[in-house]
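# Coordinates in review
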Amino acid sequence: MKPDSTAQPLSSTQPSPSAGPPQPGKPSAGPPLPGPYKRYATWMIFIVVLVACSIHTDATPYQLIVGLPEMGKLLEEMFPPDWSYLPTIWKPMLETIQIAIVGTTLGAILAIPVALLCAYNVMPRKLISLPMRTILNLVRTIPDLLFASIFVAVFGIGPFAGMLALLFFSFGIIAKLTFEAIEAIDPGPLEAMTAVGASRIQVIAFGVVPQALPYFVSYLLYTFEVNVRAASVLGLVGAGGIGLLLDRSLGLFRYDRASIIILLTLVIVLAIDYGSNLLRRKLL
């Protein structure tokens, strides 16, 4: 039997029957891992910047070694503390705590609406949120001592100027941290409430506040701890509190009296820190 003349020969492009299945292509190589040279270069840049900053600020080991004897003399003059000065500083220390309480509380109250207006997931209109963020950044730019100096010049020497300084200081910190916490909350409840027709007030009251409240309380307690220490220093510019006596003691070179003020402040700060931790555990 003759072979069929119409049969076409196997093309060279057709796979051979003996050949296996087509081999998959090799996977593309991923991005190269950073080599050791890149890490070494990063560390070298960091060390160079650190050394350059230390030289320009005279923060050198030589300066530390030279100043250690003077530091030892100062500590010798601070100890033992003048315990007879303790009854004199109780009232100014109580005034310092009161300044911190009022300033922190009023600043936190003012921070609540501003934090809501700054958060994009609550206030998507940037015509409102961006100006509020700009004002908030401006407030946080000014340090508390500068606020105290301004208010002392306006309202005179006394605790009222210190309270206003801590009010603005607390307002800037709490509003900043709170609106960042609001933007990080779970968007699911907010979308669900919006889908069923809840108003903006209802979304904030039942969707935003329950999630952001623990963070707000934590920031409030932390700011209060910071303000107790800050209020102790505001008296250096005449803003009331224990800082007035501290400045007077340092000016008269009564370092033994300054040490008792520092020790009492330390005890009060530790007590407030312990109480804040207990309160934070109860509320959170």
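Just so you know, these numbers come straight off a predicted model, no measurement behind them.

## Quick notes on a nonpolar patch on the surface
Side chains of Trp43, Met44, Phe46, Ile47, Leu50, Val51 and Ile55 sit close together on the surface and give an oily, nonpolar patch of about 750 Å² of accessible area. Looking at the secondary structure, you find Phe46 in helix H1 (residues 36-56).

## Brief notes about the packing of aromatic side chains
Tallied over the entire structure, the rule returns 7 aromatic pairs. Between the aromatic rings of Phe147 and Phe151, the centroid separation amounts to 6.1 Å while the plane-to-plane angle is 10°, which identifies the pairing as stacked. Of the two residues, Phe147 and Phe151 both sit in helix H5 (residues 144-155), 4 residues apart, roughly one turn of that helix. Accessibility expressed as a relative area gives 7% for Phe147, which makes it buried. With centroids separated by 5.1 Å and ring planes inclined at 85°, the aromatic side chains of Phe155 and Phe160 adopt a geometry described as edge-to-face. Ring pairs connect the aromatic residues Phe147, Phe151, Phe155, Phe160 and Phe168, which therefore count as one cluster.

## Considerations on the pattern of salt bridges
Within the structure shown, the criterion is met by 5 salt bridges. Of the charged contacts, one joins Arg254 and Asp82 as a salt bridge, the two residues approaching to 3.4 Å between their closest N and O atoms. Of this pair, Arg254 sits in the loop between helix H9 (243-251) and helix H10 (255-283) while Asp82 sits in the loop between helix H2 (61-78) and helix H3 (86-118), placing them 172 residues apart in sequence. The exposure class assigned to Arg254 is partly exposed, which follows from its relative accessible area of 30%. A relative accessible area of 13% means that Asp82 is categorised as buried. Taken together, the shared-partner salt bridges in this structure form one network comprising Asp82, Arg254, Asp256 and Arg257.

## Side note on the packing of H3 against helix H4 (residues 126-141)
Relative to each other, H3 and H4 sit at 130°, their axes nearing to 8 Å. Regarding the angle of H3 to H4, the classification is oblique. Considering how the two elements wind past one another, H3 and H4 form a crossing that is left-handed. In this structure, H3 contributes Val114, Leu117 and Cys118 to the contact, and H4 contributes Ile128, Ser129, Met132, Arg133 and Leu136.

## Observations concerning unusual backbone geometry
With the exception of glycine, most residues fall at negative phi, and the peptide bonds are largely trans. Cis geometry marks the peptide bond from Phe79 to Pro80, where omega comes out at 0°. Along the chain, the position of Pro80 falls in the loop between H2 and H3. A positive phi is found at Phe253, a non-glycine position, where the angle reads about 60°. As for its position among the elements, Phe253 is in the loop between H9 and H10.

## Describing the side chain of Ser129
Position of Ser129 among the secondary structure elements: in helix H4. Sequence-distant contacts of Ser129, defined by excluding residues within four places in its chain, comprise Leu117, Cys118, Tyr120 and Met123.

## Considerations on the environment of Gly103
Relative to the elements of secondary structure, Gly103 occurs in helix H3. Along the chain, Gly103 and Phe171 lie 68 residues apart, while their C-alpha atoms are 8.9 Å from each other. Setting aside anything within four residues of it in sequence, one finds Gly103 in contact with Met163, Leu166, Leu167 and Ser170.

## A word on the environment of Val102
By the element assignment, Val102 lies in helix H3. Looking at Val102, the relative accessible area reads 38%, which means it is partly exposed. Once the C-alpha coordinates of Val102 and Phe224 are considered, the two residues, 122 residues apart in sequence, prove to be 9.7 Å apart.

## Considerations on the side chain of Thr265
Take Thr265: it is sitting in helix H10. With a relative accessible area of 13%, Thr265 lands in the buried category.

## Notes on the confidence of the model for the chain
On average, residues of the chain score 82 in pLDDT, and 87% of them reach the 70 mark or higher. Note that pLDDT drops below 50 for residues 1-20; the model gives that stretch 0 contacts with residues more than four away or on any other chain.

Thresholds, definitions, all that
- Residues numbered from 1 in each chain as written.
- Predicted model: local features only at pLDDT ≥ 70, side-chain atom pairs only at ≥ 80, totals over all residues.
- Heavy atoms only, no water.
- Patch = residues over 30% accessible without salt bridge, like charges linked within 9 Å, V, L, I, M, F, W, Y side chains within 5 Å.
- Areas by Shrake-Rupley, 256 points an atom, 1.4 Å probe, with all protein chains shown as cover.
- Salt bridge = Lys/Arg side-chain N within 4 Å of Asp/Glu carboxyl O.
- Helix = DSSP H or I, 4+ residues; strand = E, 2+ residues; numbered from the N terminus.
- Phe/Tyr/Trp six-rings, centres within 6.5 Å; stacked < 30°, edge-to-face > 60°.
- Buried < 20%, exposed > 50% of the residue type's maximum accessible area, 1.4 Å probe, protein only.
- Axes fitted to C-alpha atoms, helices over the stretch in contact; angles between N-to-C directions.
- Parallel < 35°, antiparallel > 145°, perpendicular 65-115°, else oblique.
- Left-handed = near helix turned anticlockwise from the far one by under 90°.
- Contact = heavy atoms within 4.5 Å.
- pLDDT = per-residue confidence, 0-100.

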